[in-house]
Every structure is written in structure tokens, then in C-alpha cells.
Amino acid sequence: METDDPPADVSDNVSSGNNLPNINVNPSSPPQVIPEPIVPESHLDNTFEPVNESQPTSESQIAMELELAAPATDPGPPPQKKRRRRKKLFTDMISTAAASSRHRVLRPNPKPSTVYSYSGTDLGDGDENAKPHILHRRRSGSTGSNGKLSDLDKEVDIETLIAISVGFPVDSLTEEEIEANVVSQIGGVEQANYIIVRNHILARWRSNVSVWLTKDQVLESIRVEHKGIVNSAYNFLLHHGYINFGLAPAITEMKLKPLEGITKANVIVIGAGLSGLVAARQLIFLGFKVVVLEGRARPGGRVRTKKMSGDKDDIVAAADLGGSVLTGINGNPLGVLARQLGYPLHKVRDICPLYLPNGRTVNSDIDSKVEVSFNNLLDRVCKLRQAMLEEVKSLDVSLGTALETFRQVYRVAEDHQERMLLDWHLANLEYANASLMSNLSMSYWDQDDPYEMGGDHCFIPGGNERFIRALAENLPIFYNCPVDSVRYGSDGVLVYAGGQAYRGDMVLCTVSLGVLKKGDIQFVPELPQRKKDAIQRLGFGLLNKVAILFPYDFWGGDIDTFGHLTEDSTTRGEFFLFYSYSSVAGGPLLVALVAGEAAINFEKTSPVDAVQRVLEILKSIFSPKGIAVPDPLQAVCTRWGQDRFSYGSYSYVAVGASGDDYDILAESVGDRVFFAGEATNKQYPATMHGAFLSGLREAAHIMRVAKRWPALSAETSNNASEEPEDVDELFNAPDVTFGSFSVLHDPRSTDLESNSLLRIALKGEISGADCLHVYGLISRKQVIELSKVVKDLDRINMLTRDFKVRLVGRKSLCSMAKSLITSIKSSRLGLAE
């Protein structure tokens, strides 16, 4: 990869409304700083190991499935030791979790073979209780049955490894597959054959992600009697976005041809971040009508690339102010996009020297000792929590409390320098989880470890916003449309945003967990208590950055990271880690990270003071070596906690929460309101690829719901006691009207406690209908109280929060309401009851 090439222009889709004017720095003036919201880093960004050595790989596997990283420049013989920063990997916990989840089974490393030259495939059949025979594949040119079976074993192993890297279990179905009814019976020969076919299809497409894999091409290598299994596996992988996804020309061309046979429905997507963009593209392919509402003036959400330059624009760089590292390239969908778009990948090298406050390099022996002690502390906490979970399942304490207790008991890091080193490791953990150690759940803070993607951690030259621009192209996105409320019922949804009302059949909410916690979007009716509790239990943390563009690279190009220790434990996360982006940004760019408590205090600090502090640290490191630190050309400080469209960086498992809360957050409400985003992905939270995959997941979920609608509509219509127009006729002459509210009183009684039928007209902008009506059953007394309230939104709040009235569509009215309608109709017709 050429590091001197100019970066791609990253300013096209950048919102200038949130930026302060750019004032470039010159040697005689203090550096100008631009406050910016930070995009959340992936929770694995701090793990510097390029490959998990416990997972064997081969060149053929990498060429076939793993996204290839461009070779980094040779760092030469480094004076520092390599660091394998263990974010939150407990070896003994991995084996236990993998055994139960079947997500982390490792196989021997097979030698490469020609995988896709089958002339046919024999799959198992016969006795359900017999061991399935699934490896009898015919190959031309095979010599001897033993050699043939050996080659086929290797092929199946390779395909299985690829499926594992994408997140599929080895010999069982995922929950999505079970819900999609991919096999007629769970277990047995059909399931075993399905898994083999699924893995084969997946591996075949991953071998060339730039072409559209057709079902007919798959059938060329599998016998015709197994066409049913091929149809099931192919359709599942296609609809759920495991194959034929992305931005290659051949892929995008096919995506313009929506699938047939899908119920055409309107979906409103809230948020144009990674999950929202991916979901919108997949939904359009699946045949839905889609509109995307974005509060910012740009797409990307918490993925943000800033173009930085000097006075004369002769030095430019692309700075990722948010999610910057592809954390594990094996199976990563963003790696697929990079391959399709021809983006080279830069492996984050694992040389990370640490410097003391006086600028000296940390003694390697002390460094190794403290790192071992730190890992031992984590192991002891792991054993403690295992015992606690077995005995008292509901008990939880903070990870910080547990680690500090063990540190004192075992007298770890009592020396001053050792304590500073330990604080650096703790800051690294706080960076990984975007939160203070005191907030992290000891029991479940690393619940996603069994699923994490292997392989190198990589940078995308030019910044990750290159992905965003490509994904946002040709999508119907309305910018500067912050959503105020989402109202939903059995007849559809109504979304108020940017002074407009948008009506649809379903809504997909992809806003950050921080926004959900803040309650800036009102849901009517309120979200189920179960979901509200999960929103409150899960944590949403903060990470900040200072990106500085210099006139030249004074720190050297042989490393991608270096660390800095602090004297005070309370400031251990302040600029504790520096990323060098010179190899990928197009210019000499350094990014300093601020984690933990320091990240919170950082937002109260003057940006100019923050940059001066960074320069002081850099001078303390390089000046003793005789290296002058030049004045920066431009600096940018992030302020994610103050960004009203995120209120933080990424999610974590807080004390009292668990991984199940991610699943609860992902649950849909009433088959109308759906949720995506990194905080809805239990397997890959706090990552860019987690957000990406959640968008594909929900697109498939929405499709499954829409497929059920025709049958449900027919059933509901047959059982209905009245037609919609009959009720509309009654409301042409309501007893009471105020605002968008209309009321029909019970003609049989004037008692204040007697029931009345309430209808609210919610006017919308899309879907072709004039308005959406929701109904509720309330008393005459409540009608009087409502009529005294001035605004419709306040009335709805009173209905749902104070009166606890459930608003529904006409077809979901209860029997009492239907009886009331019958009485009103009879009364108006002058009929005796």
C-alpha cells in the first residue's frame, strides 16, 4: 500500500453545521481546535494481536474467505516487545461458552484443495437415527477412495471454518434458521445435510464476493434430488444477507431488481448510520418501499471521517473521529465491502512501546511482570464469578471492585512504576468498554467473547466514511429530520420528524442506546416495560479523541500505536494511547485517545488546553531523543457525550445487566416497531460490523412479518363484526371534537364513568393514505379532562401515561368497544335494543 497517495475526499457528506470555523495553526499562534462528536470505537480496537494463534489458518483459507490486508511497511527489528493486548479474553471462559453455544469449535488446519470443482454431491438419507453420510462428493480425476475422501474432508473443513468465521454453529442451526423453518424437523439427516449445503453456498460466494451467486450455479454441484435443501439454504442466506450483499457492481445491479412474491409494505428507517443504511438497501431489494430519516446533515451516524488540512491544503489527511478499526477481519462484512470496492487494508501492527511521564521507555522486565500480573487478576476474577454464578445467579458487582480487591489481597503493583503500568492496562480496558471499571458488570462484561471475529485488526485508507458514502448512494434519505415521536398501532405507524409526519406500515429504529436512554423519541403507546428496563440496565459509554495533523511525521512510520503512562490513577485514561494514521490517512496524522473518567472530564476542558496537553506529552517523549515536535497544522477534539444524536460512544454491559438485554433491545413491538444498531447485537456489540449485521438481521425479520400479513388480514376480515367505513361514518358526526380527537359517547348512559369510544387522527406524509386512526376506550370523565388540555401530544401523554389507555387500530378493538359501536349504530338508526 502506498502511504504517500492522497486520501479519498472525505468532505462530501460531512456536515459543516456542527463544526466551528477551521482556523489552521501556524508556528506563531496556538493550535486551532474543532470540537467534534466522536464516533464510537469498536470494543476490540485495543486488541493489537493480528491473529489468534490458537486458531489455525492457511493461505488458501485467507485467499478464499479472509479479507487480505495490504502488507505494512517493515518495522525492522523493534526495540520493544510485541504486545498482545487482551481486551477481555478469558481462555477458560471461552472454552466453556463455546461448548454451550457451539460458536467456537476449532478444527485442524487442512491443506488447501480445489474446493469448487465438484461434479456432484451425494447427501445423506435413510434412517433418521443413523449417522448421516454427507461427504460422498464426486470429483473428477480422483485416484482411490481414500484419497478422495481425504480431499473431501479437507473441503468440508474449509467450508466449515468459513461458516464459523461468519458466526454459524458447527453442527446446529441458528435461532434465525429455526425461525425461518429451513428444515422440516430439528436434528437428523435433513438438518445435517442442510448445514453442509449452507456452508458450501456460503464458502462458494465468499471465494468471489464480486459476483452474484445464483441458485442454478449452486445446483450444478449438488444432486437434483436435494433441490429442496438447496432452495431452503440459498433463500435463507440470500434474504438474511449472508450472500450476495455489498457494493460490487454486479451485486448492486442485481439489487436493483426487487424480489417477487414479497408483500409490498412501507418501512420508515430512523437513522442513516451503518445499521440503517444496510437495512434500507436490503429492504429495497426485498421489495419494500423505504424512506430514511436522519437527524444529522450527513449519513454515517457514529462513523465520522474528517478531512484535515493545512493553510495551503498542501498537506491533507482523513481522520476517523469515530469507529476506525475493523476489529477482526475474518468473516467481517466490512472486509467484504473493502474487497468489493478495491480498498486495501492496513494491518494494525502489534508493536506498542509505552512511555513513562518523563519520556523514558518502560523497562521491559517490569512491563512483562505487570502484564502477567494483570492477566492473572483477570483470571482470578473469572474463577470468582464462575463460583458466584453457580451459587448466587442474581449477584453482581463491578469488575473494578473485584480487580482492586484481588490487587490488594495479592499485593500486585505496589511499586509506583508497576502501579502506573497497571493503570495503563485498566485504561485500556476502559477504552475497550467505553466506561469506567466501576460501571462494568463483573459477571457479564465480556459475554460477547465467544463470538468475536478472528484475524487482523485493520485500518481502511481514507477513512471508514468511504463505506458510508457508498452505502448511502441512491437511498431516499431525508437529512436534518430529527424524530420526535413514533406512534404505532395495528394499522401502521406514524413518525413525526423535522416538522413533518410520515406514515408507514412499519418503522425500524436504529438510533443509539444513548438516545433511547435519554428519551428524546417518544413512543406511543410506550414501549413495553421489559424493553424499557433493558434500555436502562445496559450501559452506554464514552470515548473521546484528539486528532492532530502535523507538517511531517516526527514519530516514525514503523509503529501504529504507542502508549503513555500517568502519575495519577484518576487520569489514567487521559491520552493513554496514540494511533498513528500516517500509513492510511494520506498525511502525518496522530490521534490521541481519552478513556474512562478522563473522557468525561475531557468534555469540560477547553479544546485548546486539551491540544496543548497532548503536545506537552509528545514533547516529553520525543524531545529527550533530540526530536523536535512541530506545531500542528490543525487539530480536532471530539465531544460525543454532547452530541444529541448519540449521547455517547458505544454500549457495554453494566452492573446488573447481561447479554440478554441486547436481545431484549432487539425485540420488535407489535410487529410494527423494530430495532437495530450495535446495542441490539448480543454477539457483536460496540462494533461497526455489529451494527452492519443488525441491519441485515432486521431486514429479514421485517420480511418474515410482512409475509404473514395476507393470511392475518383475511382472518381478521372474516371475523370482523363491522367494516371500517361503518365506523368512519359514525365519526362523521362525533359527540365531542377537540384537536385531532373525536369521541362517541355511549347513548345508553350519561354517567361520568360510562364508556366512550375515542378516535385520534394521525395525519401522515407517505403511504398514500390521508391519515392513520388509532382508537381507545375511555370514560366520559376522562374525555372532559382531555378536552381541557391544549396540545394533542400532551393529550396523548395523558392518555397513555396517566389514564393507561392502550391505543390500537380498529381491527384490534376489544369486544367491549365493538359492543359500544353496535349500540351507537342502533341508536342512530332508531332501533330498539
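Residues numbered from 1 in each chain as written. Predicted model: local features only at pLDDT ≥ 70, side-chain atom pairs only at ≥ 80, totals over all residues. Heavy atoms only, no water.

## Details of the overall build of the chain
Condition: Secondary structure elements are taken from DSSP: a helix is a run of H or I of four residues or more, a strand is a run of E of two residues or more, and numbering for both begins at the N terminus. Relative accessibility under 20% of the residue-type maximum defines a buried residue, over 50% an exposed one, and the middle range a partly exposed one, all with a 1.4 Å probe and only protein chains included. Residue contacts are counted whenever heavy atoms from the two residues lie within 4.5 Å of one another. Only the protein chains shown count as cover for residues, and all accessible areas are computed by the Shrake-Rupley method using a 1.4 Å probe.
Within the chain, the regular secondary structure consists of 25 helices and 29 strands. The proportion of buried residues among the 833 residues of the chain is 58%. Considering only intrachain contacts with a sequence separation of at least 6, the fraction spanning at least 24 residues in the chain is 77%. A total accessible area of about 32,700 Å² is found for the chain, and carbon and sulfur atoms account for 50% of it.

## What about the nonpolar core?
We apply this condition: As used in this record, nonpolar core signifies buried Ala, Val, Leu, Ile, Met, Phe, Trp, Tyr and Cys residues forming a set joined through side-chain atoms within 4.5 Å.
If you look at the biggest cluster of nonpolar residues, it comprises 78 residues, and the most contacted ones within it are Y194, I201, L274, F288 and M506. Take this core: its biggest share by element is ten residues, from helix 21 (residues 688-719). Of all hydrophobic cores here, the second largest spans 57 residues; its members include I315, A317, A319 and C352.

## Comments concerning helix 12 (residues 399-409)
This is how the line gets drawn: In this description, the arc belongs to the directions extending from the helix axis to the C-beta atoms.
Of the positions making up helix 12, those classed as buried are L399, G400, A402, L403, F406 and R407. Within helix 12, the buried residues cover an arc of 165° as seen down the axis, which keeps them to one side. With respect to the buried face of helix 12, the exposed residues turned more than 90 degrees away are Q408 and V409. Buried residues belonging to helix 12 abut helix 11 (364-391) and helix 13 (416-433).

## Things to note about the pairing of strand 22 (residues 589-594)
We apply this condition: At least two DSSP bridges between two strands are required for those strands to pair.
The element strand 22 is extensively covered by neighbouring structure, given that six of its six residues are classed as buried. Burial along strand 22 is two-sided: L589, V591 and L593 and L590, A592 and V594, pointing in opposite directions, are all buried. Sheet topology places strand 19 (residues 544-549) next to strand 22; six bridges connect them, and they run antiparallel. Its bridge partner lying in strand 22, I548 is registered against L590.

## Considerations on the pattern of salt bridges
The line we're drawing: Criterion for a salt bridge: a side-chain nitrogen of Lys or Arg within 4 Å of a carboxyl oxygen of Asp or Glu.
Applying the stated criterion across every chain yields a total of 26 salt bridges. Between D446 and R385 there is a salt bridge, with the nearest N and O atoms lying 2.8 Å from each other. Linking D446 in the loop between helix 13 and strand 11 (457-459) with R385 in helix 11, this pair joins segments that are 61 residues apart in sequence. Exposure class is identical for D446 and R385. Each is buried. Close ionic contact of R801 with E526 constitutes a salt bridge, the shortest N to O distance being 3.1 Å.

## A few points about the packing of aromatic side chains
Geometry of an aromatic ring pair is reported as the spacing of the ring centres plus the angle between the planes. So the rule is basically this: Any two rings among Phe, Tyr and Trp, with Trp reduced to its six-membered ring, count as a pair given centres within 6.5 Å; such a pair is stacked if its planes are under 30 degrees apart, edge-to-face if over 60, and tilted if neither.
Taken as a whole, this structure holds 24 aromatic pairs when the rule is applied. Residues W205 and F245 carry aromatic rings whose centres are separated by 5.1 Å and whose planes lie at 50° to one another, so their mutual orientation is tilted. Separated by 40 residues along the polypeptide, W205 in helix 5 (residues 188-206) and F245 in the loop between helix 7 (227-239) and helix 8 (249-255) bring together distant segments of the chain. Comparing W205 with F245, the two get one shared label, buried.

## Quick notes on the sheet that holds strand 17 (residues 522-524)
Filter applied, for reference: In this description, a line fitted to the C-alpha atoms serves as the axis of each element, helices being fitted only across the stretch in contact, and the angle between N-to-C directions of two axes falls anywhere from 0 to 180 degrees.
Read across the open sheet, the four strands follow the order 15-14-13-17; overall the sheet is mixed. Both edges of this open sheet fall to strand 15 (500-504) and strand 17, since each of them pairs with a single strand only. Direction aside, the axes of adjacent strands within the sheet are offset by 15° on average. Examined bridge by bridge, strand 13 (residues 483-489) and strand 17 share three bridges and lie parallel to one another. Across the sheet, V486 pairs through a bridge with F523, a residue of strand 17. Across the sheet, helix 24 (residues 792-802) touches strand 13 and strand 17, and the angle it forms with strand 17 is around 65°.

## A look at the environment of M703
Structurally, M703 is set in helix 21. Separated by 464 residues in the primary sequence, M703 and H239 have C-alpha atoms spaced 8.4 Å apart.

## Observations regarding the packing of helix 9 (residues 274-285) against helix 14 (residues 465-472)
Applied cut-off: Angles are sorted into four bins: roughly parallel if under 35 degrees, roughly antiparallel if over 145, roughly perpendicular if 65 to 115, and oblique for all others. Each crossing is labelled by how the near helix is turned from the far one, with a counterclockwise turn of less than a right angle marking it left-handed and a clockwise turn marking it right-handed. Any residue outside Ala, Val, Leu, Ile, Met, Phe, Trp, Tyr, Cys, Pro, Asp, Glu, Lys and Arg is labelled polar, Gly included; the first ten of those are nonpolar and the last four are charged.
Where helix 9 contacts helix 14, the two axes come as close as 10 Å, and the packing angle between them is 30°. Judged by the inter-axis angle, helix 9 sits roughly parallel to helix 14. Considering how the two elements wind past one another, helix 9 and helix 14 form a crossing that is left-handed. Only I468, A470, L471 and A472 of helix 14 make contact with helix 9, whose side of the interface consists of L274, L277, V278 and R281. Along the lines of polarity and charge, the residues of the contact of helix 9 with helix 14 split into seven nonpolar, no polar and one charged.

## Examining the pairing of strand 14 (residues 492-497)
Taken across its six residues, strand 14 has five buried, putting it largely inside the fold. Judged from the six bridges that link them, strand 13 and strand 14 form a sheet pairing that is antiparallel. Bridge pairing in strand 14 places S485 opposite Y496. Counting the residues between successive antiparallel strands, the hairpin from strand 13 to strand 14 contains two residues. Direction of pairing for strand 14 relative to strand 15: antiparallel, over a ladder of five bridges. Opposite Y496, over in strand 15, you have A501 as the bridge partner. What sits between strand 14 and strand 15 in their antiparallel hairpin is a turn of two residues, with G498 showing a positive phi close to 55°.

## Concerning unusual backbone geometry
Residue P525 is bonded to the preceding V524 through a cis peptide linkage, with omega at -5°. Looking at the secondary structure, you find P525 in the loop between strand 17 and helix 16 (529-537). In this model, Y647 sits at a positive phi of 55°, which is unusual for a non-glycine residue. Within the element layout of this structure, Y647 appears in the loop between strand 23 (634-638) and strand 24 (651-652). Since its relative accessible area comes to 23%, Y647 is described here as partly exposed. Of note in the backbone geometry, K804 takes a positive phi value of approximately 60° without being a glycine. Structurally, K804 can be placed in the loop between helix 24 and helix 25 (815-828). Overall, the relative accessible area of 65% leaves K804 in the exposed class.

## What to know about the sheet that holds strand 11
On the basis of which strands lie adjacent, the open sheet formed by three strands has the order 8-11-9 and antiparallel pairing. Edge positions in the sheet fall to strand 8 (326-327) and strand 9 (346-347), since each of these pairs with one other strand and no more. In terms of strand pairing, strand 8 meets strand 11 through two bridges, oriented antiparallel. When the sheet's bridge partners are listed, T327 is paired in strand 11 with H457.

## Focus: the packing of helix 10 (residues 333-341) against helix 14
Following both chains from N to C, one finds helix 10 and helix 14 inclined at 80°, their axes separated by 11 Å at the closest point. Looking at the two axes, helix 10 sits roughly perpendicular to helix 14. Here L334, L337, A338 and L341 of helix 10 lie close against helix 14, whose contacting residues are F467, A470 and L471. Among the residues making up the contact of helix 10 with helix 14, the classes are represented as seven nonpolar, no polar and no charged.

## Let's talk about helix 14
Every α-helix carries 3.6 residues per turn, so stepping three or four residues along brings you back to the same face. Counting buried positions over the eight residues of helix 14 gives eight, a clear majority of the element. When we look at burial in helix 14, the residues that qualify are E465, R466, F467, I468, R469, A470, L471 and A472. In this fold, the buried residues of helix 14 make contact with helix 9, strand 6 (305-309), strand 7 (316-320), strand 8, helix 10 and strand 12 (477-478). One or two positions beyond helix 14, positive phi appears at N474, with a value near 70°.

## Brief notes about the side chain of K255
The line we're drawing: Residues scored as charged are limited to Lys and Arg (positive) and Asp and Glu (negative), so that His and the chain ends carry no count. We define a polar contact as two N or O atoms separated by no more than 3.5 Å, with the added condition that, inside protein, one atom must be a possible hydrogen donor and the other a possible acceptor, whereas residues neighbouring each other in sequence contribute only through side-chain atom pairs.
By the element assignment, K255 lies in helix 8. Put simply, K255 is tucked away with no salt bridge, and the nearest opposite charge, on E253, sits 14 Å away. Polar contacts involving the side chain of K255 include one to the main-chain carbonyl oxygen of N244, which spans 3.3 Å. Non-local contacts of K255, meaning those with residues more than four positions away in its chain, are made with W212, N244, F245, Q282 and F285.

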